[in-house]
Amino acid sequence: MNPLVRRLRGVVQGARMLASGADAFPYVGNPTGFKQIDGSSVKITPAPASMPHVTLANGDKMPMIGMGTFTGTRNNAKAQAGTLYETTKMWIRMGGRMIDAASNYLNEDEIGDAIAECIKDGVVTREELFVSSKLNNPYHREENVQPMLEKSLLDLRLDYVDMYLMHWPTAFVHVPYEQNKRGFPEEYEPDCCTKVTGVAWDAQAFEKAWPPPHLDTGVTIHETWNAMAACKDAGLARNVGVCNFKVSLLHELLCGTDTKPAVVQCESHPYCQQSPLIKFCEMNKIQFQAYSPLGYGEFRPENEISVLQNPAIVSIAARYNKSAAAVVLRWHVQRGVATPPFSLYENELRENLTVGDWELDDDAMKEIADVDKDYHYLRPESWYGLPLWN
């Protein structure tokens, strides 16, 4: 047996503590930001029978439409504390079963409380849910991977996640946190690592003094991936995968492991269709999952081009008497792409769950295929000092 797996199995997992008895930080958010309705007021409806699923390599079935959970970083949060607690309850009560969470989003404690409440109230069982989490950049070294997953499990109040993803192929310096306390304090800041490095973000300075102080250049993706695979073998995650990998990097990962990623999650929408990457995933029996599937989010300025205002997509929506967002989500599904779109609004979340009720014809699919621009809204070179999309 792999020594790391043996060590994992011999450890009392922090996540297996009774979370209701675990110490916790209060929820953190923007006091003047979006305020969610009471999620418990939403009518309970069963999961839609028409929801398409994909079958992963190990036989697990994942709903093709999930719920995204990113509401901003510590520096630009758009929602009040508790927003994802209420939104997650809404999603589960209306029949949503796939939840795309991440340690970096700093709200897994809210999501976990909502999941626990819905299970306790008989709205859903654990086995009916598909919950993903993601390994954050400051915890890529082998000795940090398993404890960070355990922290996510503690916050989510789960014994295992259905999917554990490497959030970025970029290691940062370690940022300390409290292992056995749910949530994170307001001062915890894992994006810039400023409290560790003492240096604020400055992309131009990064170019002049490489490497930036927040990057950990002493760890490879193989070291991180092997530690994630050990977590899977230990039963802490049913599947493991990666995010933000291009073809060449994904090929490199596959050349050094016997554990193939179950999912590759990347930005994808009609302006950034990622067809070659999707083809490579299909060739290797890896499921592709799109984030920012509608071509907008926290990183699109108001004056930037909008997928949902594209004339071809607007015209198709009118022909089918659907919203532009519904057209784009159906387009994703018909090309075999799973996706967890983000919304805080009940009507939009419910609409997302109807994606299996109708189809686009071949002409509409081709019209959307023709608008591709290889255009990214998410441009991490200003964050990491690395032109990751080139």
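Position numbers for residues count from 1 along each chain, tracking the sequence in the order it is written. Two thresholds apply to this predicted model, a pLDDT of at least 70 for residue-level local features and 80 or more for giving and counting side-chain atom pairs, whereas whole-chain, interface and lining totals are computed over all residues. Only heavy atoms go into the side-chain values, all of them from the structure, while hydrogens and water stay out.

Moving on to the overall build of the protein. Helical segments are the DSSP runs of H or I of at least four residues, strand segments are the runs of E of at least two, and each set is numbered from the N terminus. When helices and strands are tallied, the protein shows 14 helices and nine strands. Over its C-alpha atoms, taken along the principal directions, the protein stretches across nearly 55 × 55 × 45 Å. Relative accessible area decides the class of each residue, using a 1.4 Å probe on protein chains only: under 20% of the type maximum gives buried, over 50% gives exposed, and in between gives partly exposed. Every one of the 390 residues in the protein was classed for burial, and the buried ones make up 57%. Here a residue-residue contact requires only that any non-hydrogen atoms of the pair lie within 4.5 Å. Here the analysis covers contacts within the protein between residues at least 6 apart in sequence; of these, 78% occur between residues at least 24 apart. Note on areas: Shrake-Rupley, 1.4 Å probe, and residue coverage restricted to the protein chains presented here. When the accessible area of the protein is evaluated, it comes to approximately 16,500 Å², of which 51% is carbon and sulfur surface. Positive: Lys, Arg. Negative: Asp, Glu. His and the chain ends are not part of the count. For charged residues, the charge sits on one atom: NZ in Lys, CZ in Arg, CG in Asp, CD in Glu. Charge-centre separation for the protein: the mean point of 37 positive side chains lies 3 Å from the mean point of 49 negative side chains.

Moving on, we get to unusual backbone geometry. The residue after W210, namely P211, is reached through a cis peptide bond having omega 0°. Structurally, P211 is set in the loop between helix 6 (203–208) and helix 7 (221–233). Positive phi, normally seen in glycine, also occurs at N244, with a value near 60°. Within the secondary structure, N244 is located in the loop between strand 7 (240–243) and helix 8 (247–255). Under the relative-accessibility criterion, N244 is labelled buried at 4%.

When a carboxyl oxygen of Asp or Glu lies within 4 Å of a side-chain nitrogen of Lys or Arg, that pair is called a salt bridge. Going through the model one piece at a time under the given rule, you end up with 15 salt bridges. For D60, the salt bridge is made with R238, and the minimal N-O distance between the two is 2.7 Å. Placement of D60 in the loop between strand 1 (53–55) and strand 2 (61–63) and of R238 in the loop between helix 7 and strand 7 is noted, with a sequence separation of 178 residues between them. Assessed through its relative accessible area of 13%, D60 is described here as buried. In this structure R238 comes out as partly exposed when scored by relative accessible area, which is 39%. Residue R126 pairs with D162 through a salt bridge whose shortest N-O separation is 2.9 Å.

In this section: the nonpolar core. Note on soluble globular proteins: their nonpolar side chains tend to be buried together. Among buried residues, those of type Ala, Val, Leu, Ile, Met, Phe, Trp, Tyr and Cys that are joined through side-chain atoms within 4.5 Å constitute a nonpolar core. Judged by nonpolar contacts, the single largest core of 99 residues is most densely connected at Y164, L250, F288 and L360. In terms of residues, this core owes the most to one element, helix 11 (residues 324–334), which gives eight residues. The residues contacting F288, other than those within four sequence positions of it, are V264, C266, S268, Q274, L277, I278, C281, G336, V337 and A338.

This part covers empty space enclosed by the protein. To find the voids left in a structure, one rolls a probe of water-molecule size over its atoms. The definitions used throughout rest on a 1 Å grid laid over the protein atoms alone, on which a cavity is an enclosed set of points accommodating a 1.4 Å probe that cannot get out and a pocket is an open set flanked by protein within 12 Å on both sides along at least five of seven lines; lining residues are those having an atom within 4 Å of a point. Grid points are joined across faces, edges and corners, and a volume is the space filled by probe spheres set on the points. Evaluated as defined, the whole model comprises two cavities of 30 Å³ or more. Along the wall of the largest cavity there are 14 residues; nearest its centre are L106, N107, D109, G183 and F184. Of the residues forming the lining of the largest cavity, the biggest block, three residues, is contributed by helix 3 (residues 108–120). Here the nonpolar group is Ala, Val, Leu, Ile, Met, Phe, Trp, Tyr, Cys and Pro; Asp, Glu, Lys and Arg are the charged ones; every other residue, Gly included, is treated as polar. Considered class by class, the residues forming the lining of the largest cavity number six nonpolar, three polar and five charged. Here the second largest cavity defines a volume of roughly 40 Å³. Every residue lining the second largest cavity is listed: A326, L329, E351, N352, T354, V355 and W358. Within the residue set of the lining of the second largest cavity, elements represented by two or more residues are helix 11 and helix 12 (346–352). Taken together, the residues of the lining of the second largest cavity break down into four nonpolar, two polar and one charged.

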